[in-house]
Amino acid sequence: MALALLGSTALTAVTAQAADKEISWIYCGDTIDPVHTKYIKQWEEKNAGWKIAPEVVGWAQCQDKATTLAAAGTPVAMAYVGSRTLKEFAQNDLIVPVPMTDDEKKTYYPHIVDTVTFEGSQWGVPIAFSTKALYWNKDLFKQAGLDPETPPKTWAEEIAMAKTIKEKTGIPGYGLSAKTFDNTMHQFMHWVYTNNGAVIDADGKVTLDSPEILAALKAYKDIVPYSEEGPTAYEQNEVRAIFLDGKVAMIQAGSGAADRLKKTKISWGITTLPLGPDAKGPGTLLITDSLAIFKGSGVEDKATEFAKFITSPDVQSEYELQGGAGLTPLRPSAKVDEFVAKDPYWKPLIDGISYGGPEPLFTDYKGFQNSMIEMIQSVVTGKAEPEAALKKAAGEVEAFK
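Residues numbered from 1 in each chain as written. Predicted model: local features only at pLDDT ≥ 70, side-chain atom pairs only at ≥ 80, totals over all residues. Heavy atoms only, no water.

As annotated in an unreviewed UniProt entry, the chain carries the name Extracellular solute-binding protein and is attributed to Rhizobium ruizarguesonis. Within the UniProt record for the chain, the comment given under Sequence similarities (unreviewed entry) is "Belongs to the bacterial solute-binding protein 1 family." (UniProt positions renumbered as here; feature names shortened; annotations may be inferred.)

Asker: Just to check I follow, could you spell out the packing of aromatic side chains for this structure?
Answerer: Remark: the centre distance and the inter-plane angle together describe each pair of aromatic rings, the angle taken between the planes. Under the counting rule described, the total for this entry stands at 16 aromatic pairs. With a centroid separation of 5.2 Å and 70° between ring planes, the pair formed by W43 and F306 is classed as edge-to-face. Of this pair, W43 sits in helix α2 (residues 34–46) while F306 sits in helix α12 (residues 300–310), and the two are 263 residues apart along the sequence. Residue F306 is classed as buried on the basis of its relative accessible area of 0%. Seen from their ring centres, W191 and Y220 are 5.3 Å apart, and the 90° between their planes marks the pair as edge-to-face. Residue W191 is found in helix α8 (residues 182–192), and its partner Y220 is found in helix α9 (residues 211–223); the two are separated by 29 residues along the sequence. Both residues of the pair, W191 and Y220, count as buried. A connected cluster of aromatic rings, assembled from ring pairs, spans W25, Y27, Y39, W43, F306 and F309. One Lys or Arg, R331, reaches over the ring of Y108 and ends 4.4 Å from the middle of that ring. (Phe/Tyr/Trp six-rings, centres within 6.5 Å; stacked < 30°, edge-to-face > 60°. Helix = DSSP H or I, 4+ residues; strand = E, 2+ residues; numbered from the N terminus. Buried < 20%, exposed > 50% of the residue type's maximum accessible area, 1.4 Å probe, protein only. Lys NZ or Arg CZ within 6 Å of the ring centre and 35° of its normal.)

Asker: Looking at this structure, how should I read the state of the cysteines?
Answerer: Taken as a whole and judged by the stated rule, the model has one disulfide. Note on cysteine connectivity: C28 is disulfide-linked to C62, with sulfurs 2.0 Å apart. Its torsion about the S-S bond being 95°, the disulfide of C28 and C62 is classed as right-handed. In this pair, C28 sits in strand β1 (residues 21–28) while C62 sits in helix α3 (residues 59–71), placing the two residues 34 residues apart along the sequence. Residue C28 is classed as buried on the basis of its relative accessible area of 4%. (Disulfide = S-S within 2.5 Å.)

Asker: Honestly, the environment of T107 in this entry has me stumped. Any pointers?
Answerer: The topology assignment puts T107 in the loop between α5 (102–106) and β4 (117–118). Placed 247 residues apart in sequence, T107 and S354 show a C-alpha to C-alpha distance of 15 Å. Non-local contacts of T107, meaning those with residues more than four positions away in its chain, are made with R331 and P332. For T107, the side chain forms a polar contact with the main-chain oxygen of E104, separated by 2.7 Å. (Contact = heavy atoms within 4.5 Å. Polar contact = N/O pair within 3.5 Å; in protein donor to acceptor, adjacent residues only side chain to side chain.)

Asker: Mind showing me how you'd approach the nonpolar core here?
Answerer: Among soluble globular proteins, nonpolar side chains are generally buried collectively. Membership of the largest hydrophobic core comes to 76 residues, with the highest contact counts inside it found for I23, W25, Y135, F294 and F306. Ignoring anything within four residues of it in the chain, the contact list for F306 reads I23, W25, I40, W43, I52 and M78. (Core = buried A, V, L, I, M, F, W, Y, C linked by side-chain atoms within 4.5 Å.)

Asker: Looking at this model, I keep getting lost on the packing of α9 against helix α17 (residues 386–397). Mind explaining?
Answerer: Packed helices, taken two at a time, are described by the angle their axes make and the gap between the axes. Taken N-terminus to C-terminus, the directions of α9 and α17 make an angle of 130°; their axes are 9 Å apart at the nearest point. Classed by the angle they form, the pair α9 and α17 counts as oblique. In this structure, α9 crosses over α17, and the sense of that crossing is right-handed. Of the residues in α17, those in contact with I213, L214, L217, K218 and K221 of α9 are P386, E387, A389 and L390. Class assignment for the residues of the contact of α9 with α17 results in six nonpolar, no polar and three charged. (Axes fitted to C-alpha atoms, helices over the stretch in contact; angles between N-to-C directions. Parallel < 35°, antiparallel > 145°, perpendicular 65-115°, else oblique. Left-handed = near helix turned anticlockwise from the far one by under 90°. Nonpolar A, V, L, I, M, F, W, Y, C, P; charged D, E, K, R; others polar.)

Asker: What's the story with the pairing of strand β6 (residues 125–130) in this structure? I'm lost.
Answerer: On a regular strand, each side chain points to the face opposite its neighbour's, so the side chains alternate between the two faces of the sheet. Here β6 lies mainly inside the structure; six of its six residues are buried. The pairing of β6 with strand β10 (residues 285–293) spans five bridges and is antiparallel. Bridge pairing in β10 places V125 opposite L291. (Pairing = 2+ DSSP bridges.)

Asker: Just to check I follow, could you spell out helix α13 (residues 313–320) for this structure?
Answerer: Residue pairs three or four apart in sequence face the same way in an α-helix, which turns once every 3.6 residues. Of all the residues in α13, the buried ones are V315, Q316, S317, Y319 and E320. Close packing links the buried residues of α13 with α2, β3 (78–82), β6, α12, α14 (334–342) and α15 (346–351).

Asker: Can you walk me through the sheet that holds strand β9 (residues 268–271) in this structure?
Answerer: Remark on secondary structure: sheet strands pair via backbone hydrogen bonds, oriented parallel or antiparallel. Judged by pairing direction, the sheet is antiparallel, and its three strands sit side by side in the order β8-β7-β9 without closing on themselves. Either end of the sheet is taken by a strand with one partner, and the two such strands are β8 (250–253) and β9. When strand polarity is set aside, the average angle formed by the axes of neighbouring strands in this sheet is 25°. Where strand β7 (residues 133–137) lies against β8, four bridges are found, and the strand directions are antiparallel. Each bridged residue has a counterpart across the sheet, and for L134 the counterpart in β8 is Q252. Sitting on the sheet, helix α10 (residues 236–244) is in contact with β7 and β8, with an inclination near 135° to β8.

If you want it as structure tokens, here you go:
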């Protein structure tokens, strides 16, 4: 009877409100990227009755918030997460698979799909991708008597050049990241993948304690004396800041460094990461962030549809080729070719994909990450020899796989 008393205008408003369906999205960062704002509007215009509701959450909290809501039974429809967490989400039945067709898989650069694949299924849609290359300061090379146009091609050359620069100029030859921070492990994994190493194989066997990774850890130890003082105080962006001030000669960094270097007076170069003795070709850690579709929102199918739209080739290339965000293109395309021709600094960031590898997928990723950081720090500070540190870490990470 109460409903019967409603006026026709009020009833129409209630009906319209009920027709609106919402896809909630935890969006990591400080603001929504203008490219995404533009295409959210476009998608909504083509999907009457549907609304995308992004919630901007800082990088330090966004993933934890998505996890907490899902575990409490009140999941968001979709969240921006590090692909490394997808295995844990999947095993806890918090997300739904996002299958890719063979044609979809073929659009990506090699190994990208591996970063979201677990037990034969894809569990997220890649939205951001980063690789690293070696940047060098040509002015410091010249001051040290080195050829400013010839960067190191191998670890041995890199260590020798860092030593020469430190001894001849007093300026650190290499920027080493060893802070208690997630990218300390990432920075080391670039060395693993430039020596044909692997932390865990396709069958789930831990292969951390291997000759290839031991060589990487020994090289880390060898370059410490020629790096900035107190590497455990620095993460990768802080090391990059030192490089941008001309206070360190070489760093490994993503495309964001090139964008910033254009605004300085530094004479610089960029090349693929130097190779270890067992390398098969140029490598790098392939880090992706993905859109995960959470189970129980009631809009899983439509959220999947939107996730694939907002990461589709045309939208994605517009987003990732802006330069300042430090991203590498997820897919080859004519537009990427145009950018490489215009700004050659993109080429080494892409070339490293060939022999690169994904972030290792562990059920307890944070436990794995912490063991790796402790291993790196123990060697960098001289508290442990590489062999002992590697064996200890290999034993610990068994519990996290």
